[in-house]
Amino acid sequence: MMTPPYQSEHRLDYIDWMRGLACLLMFQTHCYSSWLTPDGRKTGLYAGSQLAGTLPAPLFIFLSGVSVALITEKLREKDASRNAIAKKTIVRGAEIYGLGLLFRVQEFVLGYPISPWTDLFRVDVLNILGISMMLLGLLCWFTASPWRPQDPIGVQSRQNPAVAKWRNRGFVCALIAATVMALVTPVLWTSGRLRSLPWPIESYLNGVHTYGRPQAWLFPIFPWVAFAFVGLAIGFFLLSDYARRKEVSAFVVLGCLGVLACGCSLSFDAGPFRLYDPAIYDYWHSSPSFFLMRCGVLLIILFLAYAWCRWGFAEKGFSPVIQLGQTSLLVYWVHIEFVYGRLSILPKGRCSIAAATAGLVIIFVAMLALSIWRARWKKRPARVSQAGPAVAATAGSV
């Protein structure tokens, strides 16, 4: 029996909800990390906060891949050429990468003279988001075929076998790219480091920065871009004929695959077969098994977010989580300075759990107010994007 389709105006809410969730997890991680006293950092609350803080970056990067899949599909339905599709995605990625560079300059200027000049070259999440989108655009171009004059056009393009073939190629190539990146990460982080490269360039590959060895808290291409490729593949799957006809079943399949991926990750780590030398194997930072675990968690969250938005209370009136997700780039940018920067609303490293929690509530309310203001400002009479409102909203949240 065919699953009733989700109403079109709500179909992307689960993506915004996941971005909003990433924002909430990011807020609490940064607030407790910046403001708690050394004793507060020894508590179970802080440990749980930091564990939850491992989710926002994979969520943002994964969802950028899903968004690119939605954007390219919509443009395909509007008969855009593969060059036009690739250009749109690559230009958007370049914009975000440029914003990442500008963000580093801002933090250096506001932190001067304490901030070292080397921070200008630190690989942050905005940098890798931009690079991810540019690489996704290249993959979509590589896997796409130019339109033939006899191909159907217009809204019926989604039934065109050429579109389905392009989507299937993109799905397979995205998974292959993610797998290769995950497999080579342990080597690039250890025995296969490209030490001859200047550290600002090598840092984009493995996050070495100025520390002499890769840092797990930075965001190098390996393995972080692999999350974007996984997101692209999942996005293409959700646009397949099967997922369109049986949407609920498709999300259930993804949720089950997430549980299976988590189980396989633990089995691979505990099993007797070792793909890497023990000297370079690090499960919690660079191993493909841990990458598989995090992908499984992302798929489980995707299913739960969809279920919550469809059957839960996410869309019963105003949703602050969805609202934050619609302006995730803005609230990410702004909150950093009020938590870590000179404009920090509380003294760093000197707050009790109660004080830091109160500060977290203030940050949440302030960022929500900023998000609402931004949304209302965007609703003023303006030129409508040629890509369509739903696609424009998806791209603007990346």
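Parameters at a glance
- All residue numbers refer to position in the chain's written sequence, counted from 1.
- Where totals are concerned, whole chains, interfaces and linings use all residues; where local detail is concerned, this predicted model gives features only for residues with pLDDT of at least 70, and gives and counts side-chain atom pairs only at 80 or more.
- Heavy atoms throughout the structure, all of them, feed into the side-chain values; hydrogens and water do not.
- The patch calculation keeps residues exceeding 30% relative accessible area without a salt bridge and links them within 9 Å when they carry like charges or within 5 Å when they are nonpolar (Val, Leu, Ile, Met, Phe, Trp, Tyr).
- Working definition of accessibility: Shrake-Rupley area with a 1.4 Å probe, residue cover restricted to the visible protein chains.
- A pairing counts as a salt bridge when a side-chain nitrogen of Lys or Arg comes within 4 Å of a carboxyl oxygen of Asp or Glu.
- Each helix corresponds to a stretch of at least 4 residues labelled H or I by DSSP, and each strand to a stretch of at least 2 residues labelled E; elements are numbered beginning at the N terminus.
- We call a set of buried residues a nonpolar core when its members are Ala, Val, Leu, Ile, Met, Phe, Trp, Tyr or Cys and they connect through side-chain atoms within 4.5 Å of each other.
- Only protein chains enter the calculation, and the probe is 1.4 Å; a residue is then buried if its accessible area is under 20% of its type maximum, exposed if over 50%, and partly exposed in between.
- Two residues qualify as a contact provided that any one of their heavy atoms is within 4.5 Å of a heavy atom in the partner residue.
- A fitted line through C-alpha atoms serves as each axis, taken over the contacting stretch for helices, and the angle formed by two N-to-C directions is quoted from 0 to 180°.
- Each angle is binned into one of four classes, with values under 35 degrees roughly parallel, values over 145 roughly antiparallel, values of 65 to 115 roughly perpendicular, and all other values oblique.
- Take the far helix as the reference: if the near one is turned anticlockwise from it by less than a right angle, the crossing is left-handed, and if turned clockwise, right-handed.
- Here the term charged refers only to Asp, Glu, Lys and Arg, the term nonpolar to Ala, Val, Leu, Ile, Met, Phe, Trp, Tyr, Cys and Pro, and the term polar to all other amino acids, Gly among them.
- Multiply 1.5 Å by the residue count of a helix minus one, and that product is the helix's expected span.
- Under the rule applied, a polar contact is a pair of N or O atoms within 3.5 Å (in protein, one hydrogen donor and one hydrogen acceptor; residues adjacent in sequence only if both atoms are side-chain atoms).
- A residue's pLDDT is simply how confident the predictor is in it, with values from 0 to 100.
- Only centres within 6.5 Å qualify two rings of Phe, Tyr or Trp (six-membered ring in Trp) as a pair; their planes then separate them into stacked at under 30 degrees, edge-to-face at over 60, and tilted for everything else.
- We call a charge positioned above a ring when the Lys NZ or Arg CZ atom is no farther than 6 Å from the ring centre and deviates by at most 35 degrees from the ring normal.

Trainee: Which residues make up a nonpolar patch on the surface, and what are the values?
Mentor: A surface patch of nonpolar side chains, about 640 Å² in accessible area, is lined by Val172, Ile176, Val180, Leu183, Val184, Phe273 and Leu275. The residue Leu183 is located in helix H6 (residues 161–189) in this model.

Trainee: Go over the nonpolar core with me, naming the residues and quoting the values.
Mentor: A general tendency of soluble globular proteins is for nonpolar side chains to be buried together. With 95 residues, the main nonpolar core has Tyr14, Phe27, Phe62, Phe229 and Leu232 as its most contacted residues. Here this core takes 15 residues from helix H8 (residues 221–238), the largest share from any one element. Residues within four places of Phe27 in sequence aside, it is in contact with Leu324, Val331, His335, Leu360, Ile363, Phe364 and Met367.

Trainee: A description of the packing of helix H1 (residues 13–35) against helix H3 (residues 56–77) should follow, citing residues and the corresponding values.
Mentor: Remark: H1 packs on H3, axes separated minimally by 9 Å, with the N-to-C direction vectors making an angle of 160°. Taken together, the axis directions place H1 and H3 in an arrangement best described as roughly antiparallel. For the pair H1 and H3, the sense of crossing is left-handed. Across from Ile15, Met18, Arg19, Ala22, Cys23, Leu25 and Met26 in H1, the residues of H3 making contact are Pro56, Leu59, Phe60, Phe62, Leu63, Val66, Ser67 and Leu70. By residue class, the composition of the contact of H1 with H3 is 13 nonpolar, 1 polar and 1 charged.

Trainee: Can you explain the pattern of salt bridges? Please cite residues and give values.
Mentor: Two side chains with opposite charge may pair up if their charged atoms get near one another. By the definition in use, this model includes 9 salt bridges. Here Glu73 and Arg244 are joined by a salt bridge, their closest N and O atoms 3.2 Å apart. Of the two residues, Glu73 is situated in helix H3 and Arg244 in helix H9 (residues 241–245); the sequence distance between them amounts to 171 residues. Exposure remark for Arg244: the relative accessible area of 22% places this residue in the partly exposed category. The residue Glu77 makes a salt bridge to Arg244 at a minimum N-O spacing of 3.5 Å.

Trainee: Got a sec to walk through H3? Specific residues and values, please.
Mentor: The terminal C-alpha atoms of H3 lie 32 Å apart, and with 22 residues this matches the ideal 32 Å at 1.5 Å per residue to within 8%. Within H3, 21 of the 22 residues are buried, leaving the element largely enclosed by the surrounding structure. Just downstream of H3 lies Asp79, where phi reads positive at about 65°.

Trainee: Break down the side chain of Arg104 for me, with residues and values.
Mentor: For Arg104, the location among the structural elements is in helix H4 (residues 82–111). A relative accessible area of 4% means that Arg104 is categorised as buried. Side-chain polar atoms of Arg104 contact the side chain of Asp124, separated by 2.8 Å.

Trainee: Could you give an account of the confidence of the model for the chain, naming the residues involved and the relevant values?
Mentor: Chain-level pLDDT for the chain is 89 on average; 89% of the residues reach the 70-or-more range. Averaged pLDDT values over the elements of the chain bottom out at 48 in helix H15 (residues 389–397) and peak at 97 in H8. Low pLDDT (under 50) marks residues 1–9, which in the prediction has 14 contacts with non-local residues, meaning those over four places away or in another chain. Every residue in residues 383–393 scores below 50 in pLDDT, and together they form 9 contacts with partners more than four places removed in sequence or on other chains.

Trainee: How would you explain unusual backbone geometry if you had to name every residue and give the values?
Mentor: Residue Pro113 follows Tyr112 across a cis peptide bond; omega there is 5°. In this structure, Pro113 sits in the loop between H4 and helix H5 (125–143). The linkage connecting Phe222 with the following residue, Pro223, adopts the cis geometry, with an omega of 10°. With a phi close to 65°, Asp79 is a non-glycine residue in the positive phi region. Along the chain, Asp79 falls in the loop between H3 and H4. For His209, which is not glycine, the phi torsion reads 50° and is therefore positive.

Trainee: Let's hear about the packing of aromatic side chains: which residues, and what values?
Mentor: Two descriptors summarise a pair of aromatic rings, namely the distance from one centre to the other and the angle between the planes of the rings. For the structure on display, the rule yields 22 aromatic pairs. Look at Tyr97 and Tyr204: their rings are 6.3 Å apart centre to centre, the planes differ by 50°, and that puts the pair in the tilted class. Residue Tyr97 is located in helix H4, and its partner Tyr204 is located in helix H7 (residues 199–206); the two are separated by 107 residues in the primary sequence. Between Trp117 and Phe121, the ring centres sit 6.1 Å apart and the planes meet at 85°, which makes this aromatic pair edge-to-face. Phe121 gets classed as partly exposed once you look at its relative accessible area, which sits at 37%. Taken together through their ring pairs, the aromatic side chains of Tyr14, Phe251, Tyr306 and Trp311 make up a single cluster. Just above the ring of Trp166 sits the side chain of Arg76; from NZ or CZ to the centre is 5.3 Å.

Trainee: With reference to specific residues and values, describe the environment of Trp308.
Mentor: If you trace the backbone, Trp308 turns up in helix H11 (residues 288–311). Distance from Trp308 to Tyr14, taken between C-alpha atoms, is 8.0 Å for residues 294 residues apart in sequence. Apart from the residues within four sequence positions on either side, Trp308 is in contact with Trp17, Phe313 and Ala314.

Trainee: Kindly report on the side chain of His30, identifying the contributing residues and their values.
Mentor: Looking at where His30 falls in the secondary structure, it is placed in helix H1. A relative accessible area of 17% places His30 in the buried class. A distance of 2.8 Å separates the side chain of His30 from the side chain of His335, its partner in a polar contact. Contacts of His30, omitting those with residues within four sequence positions, involve His335, Ile336, Val339 and Tyr340.

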